[in-house]
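Listed below are the residues making up each chain.
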Amino acid sequence: MMKLRLPHAPYIANKIAIDLANCDFVNVLYGLDGVCKIAQNFLEKNIQEELKIEEQARDIVEENIEEIEFMQADEHQLFWKVKKHLAEQIGFELAWEDRYNSLSHKILNALLQEDLIDFSVSETRVKNIIFKAIDSYAKAYDEIEDIITEKINHYKRKIVFGSEEYDLIFDKLYQEELRKRGFL
């Protein structure tokens, strides 16, 4: 499963708002913007929390690099073990399903607290709409990236990967692909 990154948060938040609005058992009371804003805030906070854990893990590994090299240990594997340990200490979910489930609950609770949605079914059904929006974006991301890379590779003129022009074309095609898939 792909790792959530800060630039993805607005797209995922959009997908959550669109899916809730299109759902026949949820009423979005004051438009999509409020739903998007709350979802994006929770997503960004969660992503930033993971980044903070990763930074702490990197620091720990770097502080012990001489010992790691002496023991001929796998630096990458140690990083993930340290990250997992730090995440467990603060109760941060790293497993994608648990993480998306927790995020979905937080977003739903905030939407209810702010009185932005109304529904006549169980909270679980609504939470599942939010979960599926997050999950579908994560699953679609790699596929979309491959499609766009393939399109750019077939341009008549060579576009240099990592160049400003490549990034602009990639972003434009990415937005189009997201629109086709109902994320925007």
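Criteria and thresholds
Residues numbered from 1 in each chain as written. Predicted model: local features only at pLDDT ≥ 70, side-chain atom pairs only at ≥ 80, totals over all residues. Heavy atoms only, no water. Salt bridge = Lys/Arg side-chain N within 4 Å of Asp/Glu carboxyl O. Helix = DSSP H or I, 4+ residues; strand = E, 2+ residues; numbered from the N terminus. Buried < 20%, exposed > 50% of the residue type's maximum accessible area, 1.4 Å probe, protein only. Contact = heavy atoms within 4.5 Å. 1 Å grid on protein atoms, 1.4 Å probe; cavity = no way out; pocket = protein on both sides within 12 Å on 5 of 7 lines; lining within 4 Å. Points joined across faces, edges and corners; volume = space filled by probe spheres on them. Nonpolar A, V, L, I, M, F, W, Y, C, P; charged D, E, K, R; others polar.

**Considering the pattern of salt bridges**
Pairs can form between side chains of opposite charge once their charged atoms are near each other. Under the counting rule described, the total for this entry stands at eleven salt bridges. Put simply, Arg 157 and Glu 165 hold a salt bridge, and the shortest N to O gap is 2.6 Å. We note a salt bridge from Glu 176 to Lys 172, for which the minimum N-O separation is 3.5 Å. Of this pair, Glu 176 and Lys 172 both sit in helix 7 (residues 164-180), four residues apart, which is roughly one turn of that helix. Note on Lys 172: relative accessible area 53%, which makes it exposed. Salt bridges here are not isolated pairs; linked through shared partners, they connect Glu 143, Lys 151, Glu 177, Lys 180 and Arg 181.

**As for the side chain of Glu 177**
Here Glu 177 shows up in helix 7. Using a relative accessible area of 8% as the deciding quantity, one classes Glu 177 as buried. Filtering out sequence-adjacent residues up to four positions away, Glu 177 remains in contact with Ile 144, Ile 147 and Lys 151.

**Examining the layout of surface pockets**
In this structure, the second largest pocket encloses a volume near 170 Å³. Residue lining of the second largest pocket: Arg 5, Pro 7, His 8, Tyr 11, Tyr 141, Phe 170, Asp 171, Tyr 174 and Gln 175, and that is the complete set. The element that contributes the greatest number of residues to the lining of the second largest pocket is helix 7, accounting for four residues. Considered class by class, the residues forming the lining of the second largest pocket number five nonpolar, two polar and two charged.

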